[in-house]
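Chain and residue survey
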Amino acid sequence: MNLTGVCKTSLVAGVFAAAFIAAGAAAQGADECSGATALANGTASPFNTSVATASAGAVDDALCAGTFLNFLATQRDVWFKFTATESGLLEVNTCLSGSYDTSVVIYSGSCASLTPVACNGDGTGLTGCQPYYSRITDLALNANETVYIRIGGYDGAVGSGQIVASFVGVPAGCLGAVGACNEPHGGLGCQEAACCAAVCAFNPLCCDVGWDASCVTNAIEQCGYYYCPPASGAPANNCATAATSVSGSADSVQNFNTANATMDGPNHAGATCASGSDIFAHDVWWKIVPANNGALILSTCGSVSYDNKLAVYNLGTDPAAFDYNELAGALVGCNDDGASGACNTTGTPATTFASELSVNVTSGNTYLIRLGSYAEGQTGSGSLRITVPAACVIDSGSAEGEDCGLSTNDGCNGAGEFSNINIGQTVAGNFWADADTRDTDFYQFQVTAPTQVTAEVKSASLTTVLLLKGDLTVANCAGVDIVGTGAGTCPNTASSCLTPGVYYAFVAVGSFTGAPCGAGSVNSYSLKLSGAPAVCPITLSGGFDGTTSQPGVCANPGPNTVTTSTAAPTAGLVACAVNPAFPNCSGGGTTANQYARSIAAGLVNGEVSCIDVGVFCVVRDANAAGTACATYISDIALPAKLGLYADLDGGDPRKVTANGGTDGGDLEAIFEQDVLAPGGVYKATLNLEAPVCVQDYANKKLVVVMQIPDLYVGVPGVPGASGYGLRAAGSTVTGQGSNTFVRLSCADGTGQFVLAESLGATFTAQWVVNVNGTNGANCSAPPCPGDFNGDGVRNGTDLTTILSGWGSPAGDINGDGATNGTDLTILLSGWGVCPG
């Protein structure tokens, strides 16, 4: 999430995360070109400019203007080199969470005669990086050509980091080619190198002899170039270039019939559209220019009898200049099957899989709406309901007091300045965004008791709304944590349960352009802050400290700890999750999962102070090279419910009961606590606000259970389908089973906990669970000491408990932790009916 006012990079979920994939070891980079360190393809190499000197040779920003290079003549720098083994394309990047603001220049020639060929200050397109990393892509190299890579920093910045060089071989005819790939031109290859390589791999003559009509046909098929095949009887809006215009200011219903429709748009990976098919066949098109910012909602639910798909593409503000070959990259969103009910029905009279789709749109931009089918040969008729975003009416409130164009409450983007707001107050503010710079407004508020705080922002602009805590005076917002993320458009609402302390509400235009001062309603917003008393989740102790994951600490430990596994957690246990294929890496998340681990009767028999559990709290996104999916440490704490339960029948755990076991459950809650798990793979600790007495359950197995909500659907504070995942964590112990029970939403055939190994022989990792407290603590002295079975009479049944538990805590009455003569004396002295 980007808190900054300058668009130096576009950050997405996971930006504050750090990959726990280790970088390969290498030299630290040479101080001068003559000793440049050779880079291996795909291997990360560390560097450190803070101990380097400045090299001779000025750098001209004109080669990469607008990327914030600012490579000073006094800049300390290091040098690497890369040699191509064949003709192809080179990418280099300095993406590494925690690194500094780098600047990179690439030279051809020799160290004695260098010619700059590419440079970059701040790159885009990668996640899991520092705020301002460098990235140079698609640099064409011939076989055996060597280039020299010079790494410095923005405006003199220095520090440590890593560089990755990624090289992909392509035919020589594809390098420097100038002809279009979707037009015959007779020259060798075509100007889009990746497409050229794919076509020439299929037909080498396209690179060796000339690019003719057969090469164009292959390019259309393999590279997704736009082509609308003619068809007799096709609908009038059969082609994207002939889309039917619809109103952007009023809702409408568009009737359609896809009989004889062809396909001219690109296919999309099934995971991107929540579909089992990549195909998007027999498509028809509409065109819309929304009058307002907000959610555009499309639906065919209840109107079709075949399996259809929907997609939306953004043509920008100048649709006449749009290149339809780039439709795939203009995708805003797509959907195959809508929710159950009218959208998704099976059985008589027919099976239908209609679609529904909601995407955020910007007024003044032109969007294409596409309706197609799941498979070739599927066509039909129906109606498409189009709901356009309504005008947003902002609330009245006290004035922010900042004129448009100023930055008087710029928070951690300035010197820590902020405005004040109280819970129950509404502020009428203004903001702007223009030329890759935007106004950011920070509002401080205080919470005096546990409160569910909600920040509600209304604006004609699409907005970013966050709840924050931390130190605004730390540069680059490095001292700030996000505790609530906004969702929606008008209003955009961020809500979080907050404990007493000082917090901030953050408001900004959602983009870095489109709302210059004087642009009217898009410069105005209202911020309403409300709150309600609440019981807030407890944040587990432990997590990622910026370098490694640290175990939690029990704040007030008792003298006794029951340890179920001595190994440290190293990996997440078996779980159900939606993990879309690349490039839609961040579109998934773990679904509902539960984990349980039993503790033998009598081991915990007094007060419980802390519970340790292994957690695996991550977010999934593209890797730094943008070539595959990777797992990163989560940038936000993820929710779960952690509890301690008494096993009513002493067998393997089945499920939590709400009514003493009559529902088939056997786990009765002793206590349950909503918790938040910070990012990392570690032993987390729940510090209870007050010790919990378990003395009444000394004769029963105790079971620790962690219940994780469906993070793919999303929960308050965690956006759905954003890659977030939370699991129990543990490690495999040689020669032992998991001793761990699971209930998984995707494999819950019995409706009960099952042993992890029953889901697969490889699921042997033991969930790490420890319980700390004070055994023998007389925290729950019965009103009738010695009446163990609670029948109101101290008799032979209770004497049997004393004798069978002799020497153990099982029959302990006086709380000394052992059953002995003192306890027998207490029982006999009160023999008979209990008083009262």
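Residues numbered from 1 in each chain as written. Predicted model: local features only at pLDDT ≥ 70, side-chain atom pairs only at ≥ 80, totals over all residues. Heavy atoms only, no water.

Details of empty space enclosed by the protein
For the structure shown, the criterion picks out one cavity of 30 Å³ or more. Within this model, the largest cavity holds a volume of roughly 50 Å³. Every residue lining the largest cavity is listed: Asn560, Thr561, Val562, Leu603, Val604, Glu607, Val771, Asn772, Gly773, Thr774 and Asn775. Secondary-structure elements contributing two or more residues to the lining of the largest cavity are strand 36 (560-563) and strand 51 (769-774). A total of four residues in the lining of the largest cavity trace back to one element, the largest contributor, which is strand 51. (1 Å grid on protein atoms, 1.4 Å probe; cavity = no way out; pocket = protein on both sides within 12 Å on 5 of 7 lines; lining within 4 Å. Points joined across faces, edges and corners; volume = space filled by probe spheres on them. Helix = DSSP H or I, 4+ residues; strand = E, 2+ residues; numbered from the N terminus.)

Description of the sheet that holds strand 29 (residues 480-485)
Here we have five strands laid out as an open sheet, ordered 22-26-31-28-29, and mixed in their pairing. A strand with exactly one partner marks an edge of an open sheet, and here the two such strands are strand 22 (419-420) and strand 29. Sheet topology note: the strand 28 (residues 463-470)/strand 31 (residues 501-509) ladder contains six bridges and is antiparallel. Each bridged residue has a counterpart across the sheet, and for threonine 464 the counterpart in strand 31 is alanine 508. (Pairing = 2+ DSSP bridges.)

Observations concerning the sheet that holds strand 27 (residues 451-459)
What the five strands build is an open sheet, ordered 21-23-32-27-30; its pairing is mixed. Each end of this open sheet is capped by a strand with a single partner; those strands are strand 21 (398-399) and strand 30 (492-498).

A closer look at the packing of aromatic side chains
Here the structure, examined in full by the defined rule, presents 13 aromatic pairs. An angle of 65° between the planes, with centres 6.5 Å apart, marks the rings of phenylalanine 68 and tyrosine 154 as edge-to-face. Residue phenylalanine 68 is found in the loop between strand 2 (44-48) and strand 3 (78-83), and its partner tyrosine 154 is found in the loop between strand 8 (146-153) and strand 9 (160-169); the two are separated by 86 residues along the sequence. By relative accessible area, which is 29% here, tyrosine 154 ends up partly exposed. Centroid distance phenylalanine 418 to tyrosine 504: 5.8 Å. Interplanar angle 65°. Geometry classified as edge-to-face. Here tyrosine 504 lies in strand 31 and phenylalanine 418 lies in the loop between strand 21 and strand 22, a separation of 86 residues in the sequence. Since its relative accessible area comes to 7%, tyrosine 504 is described here as buried. The residue whose ring lies beneath arginine 370 is phenylalanine 280, and the NZ or CZ to ring-centre distance is 4.1 Å. (Phe/Tyr/Trp six-rings, centres within 6.5 Å; stacked < 30°, edge-to-face > 60°. Buried < 20%, exposed > 50% of the residue type's maximum accessible area, 1.4 Å probe, protein only. Lys NZ or Arg CZ within 6 Å of the ring centre and 35° of its normal.)

Digging into unusual backbone geometry
A cis amide bond links cysteine 490 to the next residue, proline 491, at an omega of 5°. Following the sequence through the fold, proline 491 ends up in the loop between strand 29 and strand 30. A positive phi angle is found at asparagine 144, which is not glycine, with a value near 70°. The class of asparagine 144 is exposed, set by a relative accessible area of 62%. Of note, aspartate 155 is a non-glycine position whose phi angle comes to about 55°, a positive value. Within the secondary structure, aspartate 155 is located in the loop between strand 8 and strand 9.

Quick word on the side chain of asparagine 308
Along the polypeptide, asparagine 308 turns up in strand 14 (residues 308-316). A relative accessible area of 0% means that asparagine 308 is categorised as buried. At 3.1 Å, the side chain of asparagine 308 forms a polar contact with the side chain of threonine 300. Not counting chain neighbours up to four residues away, the residues in contact with asparagine 308 comprise Thr300, Asp336, Phe353, Ala354, Ser355, Leu371, Gly372 and Ser373. (Polar contact = N/O pair within 3.5 Å; in protein donor to acceptor, adjacent residues only side chain to side chain. Contact = heavy atoms within 4.5 Å.)

Keep in mind these values describe shape, not function.
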